Amino acid sequence: MRSSTFVLLWILSCFCVLPSTADKVDVVLLAGQSNMQGSASLDGLPAPFEVANPHVRFWTGDAFEPLIPGVTKTSARASQFGPEIGFAHALASLEPGRPIHIVKFFRSGQPLHHGWDAGRWVGGEPAPGRRTFYPGVDISDPNIGVHYQAMLIQAKGAFQALRVQGHEPVLRAVVWMQGEADSKHEQSAGAYAHSIARLKSRIEHDLGSSAVPFVFGQVLPHEPALDRFTSRKLIREQQRRVDMRSGAPESTAGCWMVSTDGMPRQKDTVHYDAIGQAMLGQAFAMGMLQAEHHLAMIRALNPCLQPVSSQETRGAAAGWGVGRTWMDQHEHINAIAQKPLDVVLLGDSITQSWGGEGRSVGSPGGAARQKHLEHWRLGNFGISGDRTEHILWRIEHGNFDGPPPRVVVLMIGTNNLSRGHTPAQISEGIHAIVNTLQWKLPESQILLLGTFPRGADASDPMRKRVQELNRLIAPLGQRERVRFLDLASEFVEPTGAASPTKMAGDKLHLTAQGYDAWGAAMAPVLKEMLGN
């Protein structure tokens, strides 16, 4: 390392002052275990990586300081480093001049799965005080792992420091390097895809972020693995499957796996040397950018996947009451969500018309609700006009931040059809909703309803699109804790004509008799799912 380089860069950095206006600034959370900590020697750092990027700030625990290799302590030892230097170096080349704030957290040798307590497998259900990164089901969960709690405290402290400076911190990505500890037991290795999906969702929620890239390195590239890594192949396969490009059922939007094959390691075959860490950091930066563009492309091509709030202002016409807006409804549902609920009805106007607390204006389903559903603790989360993209936004912004319901009944998509979205696009949106619900509510069950029939008869183009949509989403019912129920036959005659007594004049909404038929068909399924 060249001391003169350090001095020059430090002097230059003193003249680089962040804007004083309340601008948005990017924050990237780097976290994990020993290979995120980094045990590579700075003496082996290639010369090009010694040059600091004046636009990169590193959180020291007290303040954001310029990231200067050899000056800024980024690992457990001042003489060592992890992937942060290669990450910053790559961004300096690919995004010159764009400020980035790095928050790094590490716990060497520590697991993610709740069955561990540091290096000891205890199994069973989640329990308080375990030394893991387990994020729990929500922020109030007493079983959250102590490492996750510490990581969250550090990240929130960094965010608050930026706010004090007048900035608005925005989580840009999570970079994760962990998994060796979970590979030591078949159960934690086999559940790793689910663990990563839950971790991603929890971090985003707890830091007040929308969905962002979650970039992670595939662990243990050396073959054969050391004896203690008994489930190496299983965890590497789980990591591959959770990648958004895998096409596997575990595929999670935003998850992006970086291959570590070929990156030089130390003699222990587990930890990366200086060149390996520089390569790993560069790969993380490239992966983050690729994941960002991949997500943007998907969202641009399919609006059903883009979480957005509704701009609906119909008020009384939407059945909300005079002067009430869509956002009023959303916030009211957030309040309802704070109560323990057995069943949540999630959807659009067809769901809203079940009525109930805050949803009783013009509700033809009121009598059927009392007859079939109200012996359970019921929450009606239906909002008129909603589409898949609105449901995704609502899930991210509080509708399920209270005690997890036992069953979520989901029906959505008909308004997407009205918007001109194709059955394939809507199906992707519904898949995303189910994915998000399962990450956020890992213990809840989902009763996914086929979209109800539309149109006067079987020849109606809308009827055919609904049938195609239901065909595409039916396989979701094969997932654990998900059940698919198609009630189309309840609302059409044997001839294919819309039922004149159960469907309203628009051949879209239901009459009171239609809700009675719906309730009679659905109640036994709910009873079975709830066990009462």
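Cut-offs applied
- Sequence order as written defines residue numbering, which begins from 1 separately in each chain.
- Local features in this predicted model are restricted to residues of pLDDT 70 or higher, and side-chain atom pairs are both shown and tallied only at a pLDDT of 80 or more, whereas totals for entire chains, interfaces and linings draw on every residue.
- Only hydrogens and water are set aside when side-chain values are computed; all heavy atoms of the structure are taken into account.
- Helix numbering and strand numbering both begin at the N terminus, where a helix is a DSSP run of H or I of at least 4 residues and a strand a DSSP run of E of at least 2.
- Based on C-alpha atoms, the radius of gyration is set beside the globule rule, defined as 2.2 Å times the residue count to the power 0.38.
- To sort residues, take the accessible area from a 1.4 Å probe on protein chains only and compare it with the maximum for the residue type: under 20% means buried, over 50% means exposed, and anything in between is partly exposed.
- To measure how exposed things are, a 1.4 Å probe is used in the Shrake-Rupley method; for residues, cover is taken only from the protein chains shown.
- Within this document, salt bridges are pairs made up of a side-chain nitrogen of Lys or Arg and a carboxyl oxygen of Asp or Glu, the two lying within 4 Å of each other.
- The pairing criterion is simple: DSSP has to find at least two bridges between the two strands.
- Here the aromatic set is Phe, Tyr and Trp, taking the six-membered ring for Trp, and pairing holds for ring centres within 6.5 Å; pairs whose planes are under 30 degrees apart are stacked, those over 60 apart are edge-to-face, and all others are tilted.
- In this scheme, a helix's expected span is set at 1.5 Å multiplied by one less than its residue total.
- Regarding the arc, it is the one traced by the directions from the helix axis to the C-beta atoms.
- Whether two residues touch is decided by their heavy atoms; if any such pair falls within 4.5 Å, the residues are in contact.

Enquirer: Account for the overall build of the protein, with residues named and values stated.
Expert: Across its full length, the protein carries 16 helices and 16 strands. Over its C-alpha atoms the protein spans a radius of gyration of 26 Å, differing by no more than 12% from the 24 Å that the globule rule assigns to 532 residues. With respect to the principal axes defined by its C-alpha atoms, the protein has extents near 85 × 55 × 40 Å. A buried classification covers 56% of the 532 residues belonging to the protein. Carbon and sulfur atoms make up 54% of the accessible area of the protein, which totals about 21000 Å².

Enquirer: How would you sum up the pattern of salt bridges? Please name residues and give values.
Expert: All told, the structure shown has 24 salt bridges when counted by the stated rule. In this structure, D206 engages R202 in a salt bridge whose closest nitrogen and oxygen atoms are separated by 2.7 Å. Linking D206 with R202, this pair stays in helix α6 (residues 192-206), spanning four residues, or about one helical turn. Like D206, the residue R202 is buried in the burial classification. In this structure, the salt-bridge partner of R471 is E468, at a minimum N-O distance of 2.7 Å.

Enquirer: With reference to specific residues and values, describe the pairing of strand β10 (residues 214-217).
Expert: The two faces of β10 match: F214 and F216 on one face and V215 and G217 on the other face are all buried. As judged from the three bridges shared by strand β9 (residues 168-177) and β10, these two strands associate in the parallel manner. What sits directly across from V175, in β10, is V215. Here β10 runs beside strand β11 (residues 255-258); their pairing, made up of four bridges, is parallel. Bridge pairing in β11 links V215 to W256.

Enquirer: Give a description of the packing of aromatic side chains that names residues and reports values.
Expert: Under the criterion given, the structure shown has 13 aromatic pairs. Considering the side-chain rings of W176 and F214, the 6.3 Å spacing of their centres and the 40° angle between planes classify their relative orientation as tilted. Residue W176 is located in strand β9, and its partner F214 is located in strand β10; the two are separated by 38 residues in the primary sequence. Between F214 and F216, the aromatic rings sit 6.4 Å apart at their centres with planes inclined by 50°, giving tilted as the arrangement. Comparing F214 with F216 shows no difference in burial state: the two are buried. An aromatic cluster of three or more residues is present, and its members are F105, F133, W176, F214 and F216.

Enquirer: Talk me through helix α15 (residues 461-473); I want residue IDs and the actual numbers.
Expert: Helix length check: α15 (13 residues) gives 19 Å between terminal C-alpha atoms against 18 Å at 1.5 Å per residue, within 8%. Among the residues making up α15, those that are buried are M462, R463, V466, L469, N470 and I473. Down the axis, α15 shows its buried residues gathered within 120° of arc, on one side only. In this structure, the buried side of α15 is in contact with α13 (414-418), α14 (423-440), β15 (445-449) and β16 (482-485).

The values reported here are purely geometric and, on their own, carry no functional implication.
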